[in-house]
Amino acid sequence: DSIVRKIWGNSDTILFIFGGAAAEFALNKAVDWLYFTGRLPADPIGRLFSTVTYARKIVFATMESANATIDRMRLIHTGVENSRGAAIPDWAYRDVLFMLIHYSISAFELLKRKLSVDEKQEVFDVFYRVGARMGLKDLPVNYQQWLIVYDQHLQNDLIRSHYTDDLFVQYRKHLGGPRFFILKEAQKLVVPPYVRSLLGADSPSKIAPLVPVYKLCSKLRLDGVIRTVLLPAKYKAEIDALDVEKRY
């Protein structure tokens, strides 16, 4: 009955989560860390599915298995820090955690329904436990406090840089023109207004009128056809694997 498993067991919401996060990632002042290994700009879509795999291993696991996955994530990041000879800022880890909270809620509410205060608190609680396990400091203790801190994060930790522009060039390169256009218009539907402003994306989303149609197709189980068109064919297996919810 977990609302988080409903969110993360549905390919529609997951794709919107990472569509929005792709925009905010590009603006983060610590985005240079994502460039250090070269993996993100080389294959941004592949990195998306890699990140989804880790997130779902946490969400759909027992507590013991989830903790083991989180510990592996921390170890991987420690290895990157050792290679670069510097530490990833604690606030950068928090920023990623905050993105998962915001876009989980934003994507689900766009495609499904409004969440109750208790359900939003549950989303926060799950990712709070992830952050606590990773040893992050100064985390907000509840959803209402997180709303305030997240707004401060947006103001303090985001900036449009040459990394931002290069990442969007890579998104276009790997998706192609039409798919890239859809990505940018979809991002407008889930990102906070401040993110839209930094990206110069203040105009209304051109695909907003199509959201009800997409929701209807989802109910009729026709959304798989749409996703096949929207994403490169080589990721079809990964896309199909996202639908945990629809298998039950």
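Look up a bit, the structure's there.
Residues numbered from 1 in each chain as written. Predicted model: local features only at pLDDT ≥ 70, side-chain atom pairs only at ≥ 80, totals over all residues. Heavy atoms only, no water.

## Focus: unusual backbone geometry
For step 1, the next point in the chain: Positive phi values are uncommon outside glycine, yet D138 reaches one of about 60°.
For step 2, the next point in the chain: Relative to the helices and strands, D138 resides in the loop between α8 (117-133) and α9 (143-157). (Helix = DSSP H or I, 4+ residues; strand = E, 2+ residues; numbered from the N terminus.)

## Section: α8
Every α-helix carries 3.6 residues per turn, so stepping three or four residues along brings you back to the same face.
For step 1, the next point in the chain: With 17 residues, α8 ought to run about 24 Å at 1.5 Å a step, and its terminal C-alpha atoms sit 24 Å apart, in line with that.
For step 2, the next point in the chain: Along α8, the positions that sit buried rather than exposed are E119, K120, V123, F124, V126, F127, V130 and G131. Within α8, the buried residues cover an arc of 155° as seen down the axis, which keeps them to one side. Of the exposed residues in α8, the ones pointing more than 90 degrees away from its buried face are V117 and D118.
For step 3, the next point in the chain: Of the residues one or two after α8, G135 is the one with positive phi, at around 80°. (Expected span 1.5 Å × (residues − 1). Buried < 20%, exposed > 50% of the residue type's maximum accessible area, 1.4 Å probe, protein only. Arc of directions from axis to C-beta.)

## Examining the packing of aromatic side chains
For step 1, the next point in the chain: On inspection of all chains with the given rule, the structure shows 9 aromatic pairs.
For step 2, the next point in the chain: Taking the centre distance of 5.9 Å and the plane angle of 85° together, the rings of W8 and F18 count as edge-to-face. Of this pair, W8 sits in helix α1 (residues 3-8) while F18 sits in helix α2 (residues 11-27), and the two are 10 residues apart along the sequence. Of the two residues, W8 and F18, neither departs from the other in class, the shared state being buried.
For step 3, the next point in the chain: The ring of Y93 has R74 lying over it, and the distance from NZ or CZ to the ring centre is 4.5 Å. (Phe/Tyr/Trp six-rings, centres within 6.5 Å; stacked < 30°, edge-to-face > 60°. Lys NZ or Arg CZ within 6 Å of the ring centre and 35° of its normal.)

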